[in-house]
Each structure stands twice: as structure tokens, then as C-alpha cells.
Amino acid sequence: MLRVAKPVVLIAEELSPATLSALGPDFEVRNCDGANRTELLVELAKGVDAVLIRSATKMDAEAIAASKGLKVIARAGVGLDNVDIPAATAAGVMVVNAPTSNIVSAAELAISLLLASARFISPAHAALRNGKWARSKYTGAELFEKTLGIVGFGRIGQLVASRMQAFGMEVIAYDPYLQPARAAQLGVKLVDLETLLKSSDFITIHLPKTKETANLIGADALKLVKPSVRIINAARGGVLDETALFEALTSGRVAGAGLDVYATEPCTDSPLFTLDNVVATPHLGASTDEAQERAGIAVAVSVRKALGGELVPDAVNVKGGVIHEDIRPSLSLVEKMAQIATSLAGELPVSIEVQVRGDIAGHDSSILGTSAMKGALIATGAEDVTYVNAPGLAEGRVTSSVNTDPESPEYRSMIALHCALSDGRSIVVEGTLMGIRLAEKIIAIDGFDLDLPPTENLLFLRYTDKPGVVGTVGNALGKAGINIAGMQVARNRAGGEALMALNVDSSISAQVVAAVAKETGAELVRALTLIS
């Protein structure tokens, strides 16, 4: 009996035992020290399907190029500074992380640093260990009725806000990408950065490091703050200018700071570490047993999905972002609709407009544009097409767009693909998901009503309506030993144009297609095998 090789998963850093349990028995698991560059490249070159990393392993362009058959890079954590996402995308490699795995741990650490800074916990503890009872030296500040300014009001910032409101703090936030209504729901007022800097008694930073945020809190910003302010950075090093912070702390323009991240890591010799009004930790934001276990389980599940051919909501280099659960069942349907449209056209469309109607139109359905491109490319014979590389493979060949309409007169939800061809023709394929099982159905092609399940093997004919065509098709397929599972005929009028669609149990050869075309006189005969 032929044994099918299991997909290979390379674990390049220590992960929780729960990660292996979540992967399950369907994979060959290998291990290496990802921080050892030579060892990493050797293991990647042997051929792996997925690599699981944390922060010490650099999956840069060199490592990605060295990989043979790599499909997934999974980072058991939030940050992706050690992954070359453009290089991975160009190679068709999905990059996934665990974006919510450590948000509670990160929020709690930021709050810990804030409290420790407010009450001089670190230097007071050090003094006591050195035999000094220094009560008067370490007089701190209360949080009650003070203003907390949160720079970056995403998931972690929002967790910090809700917890600090319980301390009786007034919370304001700066986030140019958040709607004020969302902040208002949480009892937080959105302000500009200058107002936040001038008004806050405590400031916490919760931003990624980008070109726009590098040294955002620098010398000029620190000139605006209250001299009693305490600044906490447990997000990313480099957002807070460490040199400017040191000068502000030593000159008395800033009262204290709590730091967990640094511009260069590991960092062990910063002048900030010499100051009593600084409490510092070595990037411990995600360093809890709970966060590590959640991260490992999350990326293991993502790897299972990705290697199983599913689209992964936490993939960072797949256009469309997190996919709503009501949209996900439509991904496969749209792929198949695009394959049908492209096969009927006999060429790759130059553009595909995806129209989403009904109940699902209220959700972000932009990913369906990628589904359409993927299906169209597959129908032309393209191999190894994924949601990662489909946009790149389609560039300059086919474009897609998605629009929505909450109105759907006949179905709760339906989708139509309008495919424009190079010669000015167009093909429209419409589909829906029916019943509680969400059964896939093609409901119309170019205005011809159908109720066609998109099974693996299909045959389509377009012809002038006349007696005998159904029998002729049946005879031709019967002679070829091809069983018909289902047949539908639609026409615009008696004796007018007709469309026949058949579900068959096996693939149909070009010779059989030619025989059907000859015997029926149909203007178009297309057989196709859908690839899921």
C-alpha cells in the first residue's frame, strides 16, 4: 500500500506542548534552533511545508529563498519584524501570526509598569534589599482622578483603558484611524496628539513601529508634557525616542518612565537603566504561560487550516484581512463560479466584477475579489495558485472588484460575477448558498436560470433550441461510458437560444466534447473539471 508523505512542519523555537497537541498527528514535526542561521537554512533546504517561529528566528528573503515547497510561516505571537512579508508574498508563502494571543498579557504588563512607576516599586525594592528603609525618598503619585493618555487605541489600548477606568482615571486617546464613536462607546475621548501630551498625567504607548511612528514621542513631543507625567512603552521600541527620554528624565521635564521595549534588542546597557525613576523589563509583554499557550495553539490551528487548503483569517499577507464567518462559505463558491465563467469564455477575463447582494452584503467581502482571480487563474491551467500569490499572478492580466447591495429580491444572499472579455463580450455567472447546510448552487448563467450544484465534473452546451438535443447528448456520453448525474435545460424562448448544464460522474475528454459538438450542432460545448 502506497504511503502518502505527511506535510512537514519545522518548529524553529521552543513552543508550548499545547502547540504540538493542536497540530495533531497529521504532520511530520521537525525541530531546529532557528537562531542558529546555518542550522535554519539547512533544515529549510531539506523541504518543509510550514515553519513555526517566535522572535529569534529571522525568516528574511534569504531564508525564504532557501526553502523548498514552503507554504506557511507562522509566528507564535503578534509582531512580525523578523519576517520579510513582501518576500514571502512574492513566493506565495502565507504569513500568519496570533494577533490576539498576548493582548491581555501585554495590557497587564503596561499597567504593571505604570503602577510600578507611579509608586517607585523597583528602586524602593532595591533599596530595601540593600538594607535601606527609604520611605521618604520614594513618595509616589495616585492614579485616582488622574488623566491617562493612550497613544494608539487598538485592542491592547482598549484593554488598558477599561482596566484603568476602574482605578477612577479619566482616559483620553490618540488614534487617527479609529472612529470617535467607537471610543465614545468605551467612555474614552479621542484627541489629537498635542492635546494628549499636554493633558495627560500618565501616558501609555500602544503603537506598532512604522515609518510614521518612529520616534513619534521624541524631543519636541516631550517639551509639551507635564513635568509630573510618567510615560510607559510596552509596545515597540523606537516609537519613544530613548535619548530624548533620558534627557527629559534627568532634566526634570518627565517624572518617570516604564519600559519593556527598546530600539535595539537585546538591550542591557541603556543609560535609562541607571535612573531611579525608570522601571524596566526585558520585553516581557507576551511572556506569560497563558499567552505563549494561546499563541502556539492559534498558529498551530492556522497551519492546519493553511496546509489543508483553507483560507486562514489571521493571514497577514492575504488581501481582505479577517474574514467574517458569514463570508467564508462564499469563498469556494466564488472560486468555482470564476472557473466556470473562464471555461465558458475560453480565455482569461480582463476584469471580474463581484456583486454581493442580500444579507451578506453587510460584511466586508473584499476577499471575494481574490477568490474570483484565483478561480479564473486556475481555470487557465495555472498551478500552485494561492490566496497569497493570486493578486501577483493576476497583475497585468485580470483585475477584480467587489461591490455590495443589501437588496436581493429572490434569495437571502447571492453573488454575481460579471466577467469582461478582451473582445468586448461578457459572461455573467450567478450563485448562492442554499439552506442550513449552505449548499453551493449556480442559479444563472447569462440570464439562463439554473439550479446547478457545482460538482467536480460539468458539461455545458449553448445551442439553438430544437428537439432531439437532449437525447443526442445522452447517447454520446453513454457511448463514452460517462454517467449523467443531473441535467438541466434553460431557454429564452421556444426555438430560441438554449443552455444545457450537466453534472457527470467523470471527466470528459476532448474527443467526446468534439463528438457532442458535431452531433448536436451546438455553438458552444465546454467540459470542465472544477478544482477545489
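This is a predicted model, so every value here is computed, not measured. (Residues numbered from 1 in each chain as written. Predicted model: local features only at pLDDT ≥ 70, side-chain atom pairs only at ≥ 80, totals over all residues. Heavy atoms only, no water.)

Looking at helix H7 (residues 155–165)
Here comes step 1: Buried within H7 are the following residues: Gly157, Gln158, Leu159, Val160, Ala161 and Met164.
Here comes step 2: Buried residues belonging to H7 abut helix H5 (103–118), strand S6 (147–151), strand S7 (170–174), helix H8 (180–185) and strand S9 (202–205). (Buried < 20%, exposed > 50% of the residue type's maximum accessible area, 1.4 Å probe, protein only. Helix = DSSP H or I, 4+ residues; strand = E, 2+ residues; numbered from the N terminus. Contact = heavy atoms within 4.5 Å.)

A look at the packing of H5 against H7
Here comes step 1: Packing of H5 against H7 leaves a shortest axis separation of 9 Å and a crossing angle of 50 degrees. Considering their axes alone, H5 and H7 lie oblique with respect to each other. Of the two elements, H5 crosses H7, and the hand of that crossing is right-handed. Facing Ile103, Val104, Ala106, Ala107, Ala110, Ile111 and Leu114 of H5, the residues of H7 in contact are Arg155, Ile156, Leu159, Val160, Arg163 and Met164. (Axes fitted to C-alpha atoms, helices over the stretch in contact; angles between N-to-C directions. Parallel < 35°, antiparallel > 145°, perpendicular 65-115°, else oblique. Left-handed = near helix turned anticlockwise from the far one by under 90°.)

Points about the side chain of Gln339
Here comes step 1: Following the sequence through the fold, Gln339 ends up in helix H13 (residues 328–345).
Here comes step 2: Looking at Gln339, the relative accessible area reads 2%, which means it is buried.

Some points on helix H2 (residues 37–45)
Here comes step 1: Of all the residues in H2, the buried ones are Leu40, Glu43 and Leu44. Burial along H2 is one-sided: seen end-on, the buried residues are contained in an arc of 100 degrees.
Here comes step 2: Of the surrounding elements, those touching the buried residues of H2 are strand S1 (8–11), strand S2 (28–31) and helix H3 (61–66).
Here comes step 3: Looking one or two residues beyond H2, the residue adopting positive phi is Gly47, at roughly 100 degrees. (Arc of directions from axis to C-beta.)

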